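Coordinate analysis (summary)
Letter by letter, the chains look like this.
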Amino acid sequence: QLQLVESGGGLVQPGGSLRLSCAASGFTLDFYAIGWFRQAPGKEREAVSCISSSDGSTFYADSVKGRFTISRDNTKDTVHLQMNSLNPEDTAVYYCAAAHLYFYSDCNNALGRSGFGSWGQGTQVTVSS
C-alpha cells in the first residue's frame, strides 16, 4: 500500500512557524486526497487540513484557518502543511493520511466517510516557551 512519511516537526515557541511534509513512496499522490490529522495527549484525533488532487480543493479546521496552509508538490509526491502563529494548543502528534479518490470524490467526502486508510507514522509538534 501507499507509504507516507511525515517530517518537519519539532519544538517551536508560541507565535513561531513550522512546515510539515508528507512524502509518498511507492505510489504517486495524483489520485489521493491527503489529510493532516493531529492528536494531542488526552484528546481525540482531529482533522486539521486536507487537499484533494481531483480539483485542488482544501479543507481546514476552524481552529487553524488563517494560520495553516496546505499545499501539494506534484513533482515530488509531497504535501506540505505550513503552520504559522503556532500556539500551545497546536501541540500534538501530526499525521498525514491518504484517501483514494476512486472511492471518495474530494476531501469533504473522504472526511465525512472516514475514508483515510493509509497513515504515516506521525511527527511531534511541540509549541512551548
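Read on for a plain summary of the structure. (Residues numbered from 1 in each chain as written. Predicted model: local features only at pLDDT ≥ 70, side-chain atom pairs only at ≥ 80, totals over all residues. Heavy atoms only, no water.)

**Let's talk about the pairing of strand 5 (residues 46-52)**
Counting buried positions along strand 5 yields 5 of 7 residues, so the element is predominantly enclosed. In this sheet, strand 5 lies alongside strand 4 (residues 32-39) in antiparallel orientation, the contact comprising 6 bridges. For alanine 33, the partnering residue across the bridge sits in strand 5 and is serine 52. From the end of strand 4 to the start of strand 5, which pair antiparallel, there are 6 residues, and glycine 42 there has a positive phi angle of about 75 degrees. (Buried < 20%, exposed > 50% of the residue type's maximum accessible area, 1.4 Å probe, protein only. Helix = DSSP H or I, 4+ residues; strand = E, 2+ residues; numbered from the N terminus. Pairing = 2+ DSSP bridges.)

**As for the state of the cysteines**
Within this structure, the stated rule accounts for 2 disulfides. Shown here is the disulfide that connects cysteine 50 with cysteine 107, its sulfur atoms set 2.1 Å apart. Taking the sign of the torsion about the S-S bond as the criterion, the disulfide between cysteine 50 and cysteine 107, at about -80 degrees, is left-handed. One end of the pair, cysteine 50, is in strand 5; the other, cysteine 107, is in helix 1 (residues 107-112), with 57 residues separating them in the sequence. Given the relative accessible area of 2%, cysteine 107 is considered buried. Each bonded cysteine of the protein chain is numbered by sequence order, and under that numbering the disulfide pairs are 1-3, 2-4. (Disulfide = S-S within 2.5 Å.)

**Thoughts on the pattern of salt bridges**
Tallying each qualifying case throughout the model produces 4 salt bridges. The salt bridge involving aspartate 90 is made with arginine 38; its shortest N-O contact spans 2.9 Å. One end of the pair, aspartate 90, is in the loop between strand 8 (78-83) and strand 9 (92-100); the other, arginine 38, is in strand 4, and 52 residues separate them in sequence. Per residue, the accessibility class of aspartate 90 equals that of arginine 38, and both read buried. (Salt bridge = Lys/Arg side-chain N within 4 Å of Asp/Glu carboxyl O.)

**Quick notes on the packing of aromatic side chains**
The final tally for this structure, using the stated rule, is 5 aromatic pairs. Aromatic side chains phenylalanine 37 and phenylalanine 116 sit 5.2 Å apart centroid to centroid with 75 degrees between the ring planes, which places their arrangement in the edge-to-face category. With phenylalanine 37 in strand 4 and phenylalanine 116 in the loop between helix 1 and strand 10 (118-119), the pair connects residues that are 79 residues apart, well separated along the chain. Residue phenylalanine 37 is classed as buried on the basis of its relative accessible area, which comes to 8%. Measuring from centroid to centroid gives 6.3 Å for phenylalanine 103 and tyrosine 104, while their planes differ by 55 degrees, and the two rings are tilted. Among the aromatic residues, those joined into a cluster by ring pairs are Phe37, Tyr95, Phe116 and Trp119. Across from the ring centre of phenylalanine 37, 5.9 Å away, lies the NZ or CZ of arginine 45, which sits over that ring. (Phe/Tyr/Trp six-rings, centres within 6.5 Å; stacked < 30°, edge-to-face > 60°. Lys NZ or Arg CZ within 6 Å of the ring centre and 35° of its normal.)

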